[in-house]
Amino acid sequence: MAATLRLPVVLGSSSKWRRAVVEEGLGLAIARTVSPDIDEKAIRHPDPSELVRLLADAKADAVLPQVPEEALVITSDQVIVCEGQVREKPEDEAQCREFLRSYASHPAEAIVGVAVTNTKTGKRVSGVAKAVQHFKPLPEEAMDALIRQGDVLWCAGGFAIELMADYLGPLEGERETIIGLPKTLTMDLLLQADADN
């Protein structure tokens, strides 16, 4: 899926999963990563699609001052919607367990906002992608292991499908959207941002 881009790619995220989507899924080299330092809870919106778009833009605004070079900067944000409720990162282990238990009977819809900013032209393009992951029941011992490992405590919805292969049911949409960076949308936005105005 690798395309030729004129500008280098900077990833505005410290997520190893998002990095893997860019490097392995899109076949692109990442010049460097920059962590956006924003208060995500300060940005709210009742529409989950608008919320992730606003958060991706806010992350871009936070990252851009740290990217003086000409580059394409990718930022994104994800929420999980389950049983009509928006789920971000779990507040603690107890909430993570509650989330993980619920997925046996209710699928998780991942909603991801992505923004790509061209620092040379100032052009920013953004979009939202959705996918739904169904799960098999997760035994308590598997839940314990996931929480001990720790990554799920930092993931929207309290799960990481990369660590849960034995408990995944059907997937509607792109796997990368569940991971937190939709492959098709991100590449489309990169190409748009890289193009001449």
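What you see is a predicted model; the values in this text were computed from it and never measured. (Residues numbered from 1 in each chain as written. Predicted model: local features only at pLDDT ≥ 70, side-chain atom pairs only at ≥ 80, totals over all residues. Heavy atoms only, no water.)

Now for the pairing of strand β5 (residues 108–118). Among the 11 residues that make up β5, 10 are buried, leaving the element largely enclosed by the rest of the structure. Here strand β3 (residues 72–82) pairs with β5 via 10 bridges, running antiparallel. Paired with S76 across the two strands is V114, which belongs to β5. Alignment of β5 against strand β6 (residues 124–135), held across 10 bridges, turns out to be antiparallel. When the sheet's bridge partners are listed, V112 is paired in β6 with A129. Linkage of β5 to β6, two consecutive antiparallel strands, is achieved through a turn of five residues, within which G122 is found at a positive phi near 85°. (Buried < 20%, exposed > 50% of the residue type's maximum accessible area, 1.4 Å probe, protein only. Helix = DSSP H or I, 4+ residues; strand = E, 2+ residues; numbered from the N terminus. Pairing = 2+ DSSP bridges.)

For the rest of this paragraph, the subject is the nonpolar core. In terms of nonpolar packing, the biggest core is built from 47 residues, with I74, V116, F159 and L190 touching the most fellow members. Leave out the neighbours within four places in its chain, and F159 touches I80, L100, Y103, A108, F135, V152, M164 and I178. (Core = buried A, V, L, I, M, F, W, Y, C linked by side-chain atoms within 4.5 Å. Contact = heavy atoms within 4.5 Å.)

Judged from the three bridges that link them, strand β1 (residues 9–11) and strand β2 (residues 30–33) form a sheet pairing that is parallel. Bridge pairing in β2 places V9 opposite I30. Of the crossover connections in this fold, the one passing from β1 over helix α1 (residues 16–25) to the parallel β2 is right-handed. (Right-handed = clockwise from strand over helix to strand, strands pointing away.)

Right, let's talk about empty space enclosed by the protein for a bit. A probe as big as a water molecule, rolled over the atoms, marks out the empty space that is left. Enumeration over the complete set of coordinates arrives at one cavity of 30 Å³ or more. Computed from the structure, the largest cavity encloses a volume of approximately 40 Å³. Lining of the largest cavity is provided by L100, Y103, A104, F135, K136, L138 and M164. Its residues placed into classes, the lining of the largest cavity shows six nonpolar, no polar and one charged. (1 Å grid on protein atoms, 1.4 Å probe; cavity = no way out; pocket = protein on both sides within 12 Å on 5 of 7 lines; lining within 4 Å. Points joined across faces, edges and corners; volume = space filled by probe spheres on them. Nonpolar A, V, L, I, M, F, W, Y, C, P; charged D, E, K, R; others polar.)

By themselves, these are just geometric observations and shouldn't be taken as functional.
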